[in-house]
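Structural overview for review
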Amino acid sequence: MTVLLLEDEFPAAERLQRLLLQVAPDARVVAVLDSVAAAVAWLTDQPAPDLIISDIQLADGLSLDIFDQVLVRSPVVFATAYDAYALRAFKANSIDYLLKPIKLAELQAALLKLREWRTPLAPARQLETLRDSLPRPERQYKTRFLVRSGEQLLPLPARTVAWFQSRHEITTLVATDGRRYVVDYTLEQLEKLLEPQHFFRLNRQLITHLQAVQRLHPHFNGKLKLDLSPAPTDEVLVSREKAGAFKSWLEG
């Protein structure tokens, strides 16, 4: 039996492989993937495995999104930390789901159920049932940053951030009072962590808070020139491609 594991936590993936060896010595793990993108690419190019064991939450989103992008012919066992009551309807209409931390007996029962399954449920129906029963948590955005001030570490509320700038692979947080702090995040990471209602990626170097934007000036070739407060040392430009989205963001 070939098994594809979709799990973004390395210890959990290792533990699951050990459990598999105990309950199904004939099982062969063909790949361990940690993201939706990697799973879609693998399933597009490789033969369908006999079984997929998948966490709900992967590194770049919900594993449910895989089924929207590629036809999955394999039966799926979901491993999740969600409450059992929320998934009761899904359990009745799927191969199985396993609550983390996965127990040996539960994995053994899931594989037994798979072997006895004569007409596996279509993945599309699995997905529909799961989506109806799974409460999607609201995304949590970063509300504070721990910054260094001399020999001290200070919690700085995100609402007091004016803008972030990246130069020479160093990211600087500039507060509304003009103080500057180096933070251990790239702008790409910050884009995912910051509330998009309040923060906007202006260009390759800058992410600004709404409150820092003072004025907009039409610029050459459809670009926008911005006045921020506190003012950066360099000119702040928004490309023609981003100008429309930026104006819409400002209007709310």
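Note that this is a predicted model, so its numbers are computed, not measured.

1. As for the packing of aromatic side chains
How two aromatic rings sit relative to each other is given by the distance of their centres and the angle of their planes. For the structure on display, the rule yields 6 aromatic pairs. When the centroid spacing of 5.3 Å and the interplanar angle of 35° are considered together, the rings of Phe-200 and Trp-249 count as tilted. Placement of Phe-200 in strand E13 (residues 199-201) and of Trp-249 in helix H8 (residues 240-251) is noted, with a sequence separation of 49 residues between them. One exposure class covers both Phe-200 and Trp-249, and it is buried. The side chain of Lys-142 reaches across the aromatic face of Phe-145, ending 5.3 Å from its centre.

2. Focus: the sheet that holds strand E14 (residues 206-209)
Strand order across the open sheet formed by 5 strands is E12-E11-E10-E14-E13, with antiparallel pairing between neighbours. Edge positions in the sheet fall to strand E12 (180-183) and E13, since each has one partner strand and no second. Within this sheet the neighbouring strands show an average axis-to-axis angle of 20°, counted without direction. The sheet contact formed by strand E10 (residues 161-167) and strand E11 (residues 170-175) spans 6 bridges and is antiparallel. Pairing of Arg-167 across the sheet is with Ile-170, part of E11. Of the strands in this sheet, E13 and E14 are in contact with H8, which crosses E13 at around 175°.

3. Regarding the pairing of strand E8 (residues 144-149)
Pairing geometry for E8 and strand E9 (residues 152-157), over 6 bridges, is antiparallel. Across the sheet, residue Arg-148 finds its bridge partner in E9, namely Leu-153. Count of turn residues in the E8/E9 antiparallel hairpin: 2 residues, of which Gly-150 carries a positive phi of about 65°.

4. So, the nonpolar core
Ranked by size, the top nonpolar core spans 20 residues in total, and within it Leu-4, Leu-6, Leu-33, Leu-43, Ile-52, Ile-66 and Val-72 carry the most contacts. For this core, the secondary structure elements donating two or more residues are strand E1 (2-6), strand E2 (28-33), helix H2 (36-45), helix H3 (66-69) and strand E6 (76-80). When residues in this core are grouped by element, the largest group, 5 residues, is from H2. Apart from residues lying up to four places away in sequence, Leu-43 is in contact with Leu-4, Pro-49, Ile-52, Ile-66, Val-70 and Val-72.

5. Quick word on the pairing of E10
Within E10, 5 of the 7 residues are buried, which leaves it mostly tucked inside the rest of the structure. Between E10 and the antiparallel strand that follows it, E11, lie 2 residues; His-168 among them carries a positive phi value of about 55°. Sheet topology note: the E10/E14 ladder contains 3 bridges and is antiparallel. Paired with Gln-165 across the bridge in E14 is Leu-206.

About the thresholds
- Think of each chain on its own: its residues are numbered from 1, step by step along the sequence as written.
- In keeping with the model being predicted, local features are shown solely for residues with a pLDDT of at least 70 and side-chain atom pairs are shown and tallied solely at 80 or more, while totals for entire chains, interfaces and linings include all residues.
- Processing note: side-chain calculations cover all non-hydrogen atoms of the structure and skip hydrogens and water entirely.
- Two aromatic rings, drawn from Phe, Tyr or Trp (for Trp, its six-membered ring), form a pair once their centres lie within 6.5 Å of each other, and the interplanar angle then sorts them: stacked below 30 degrees, edge-to-face above 60, tilted otherwise.
- Counting from the N terminus, the helices are the DSSP runs of H or I reaching at least four residues and the strands are the DSSP runs of E reaching at least two.
- Residue exposure (1.4 Å probe, protein chains only): buried if accessible area is under 20% of the type maximum, exposed if over 50%, otherwise partly exposed.
- Whether a charge sits over a ring depends on NZ of Lys or CZ of Arg being within 6 Å of the ring centre and within 35 degrees of the ring normal.
- By definition, two strands form a pair when at least two bridges between them are found by DSSP.
- In this analysis an axis means a line fitted to C-alpha atoms, helices contributing only their contacting stretch, and an angle means the value between N-to-C directions, from 0 to 180 degrees.
- Contacts were defined at the residue level, with two residues in contact if any of their heavy atoms lie within 4.5 Å.
- To define a nonpolar core, start from buried Ala, Val, Leu, Ile, Met, Phe, Trp, Tyr and Cys residues and group those joined through side-chain atoms within 4.5 Å.

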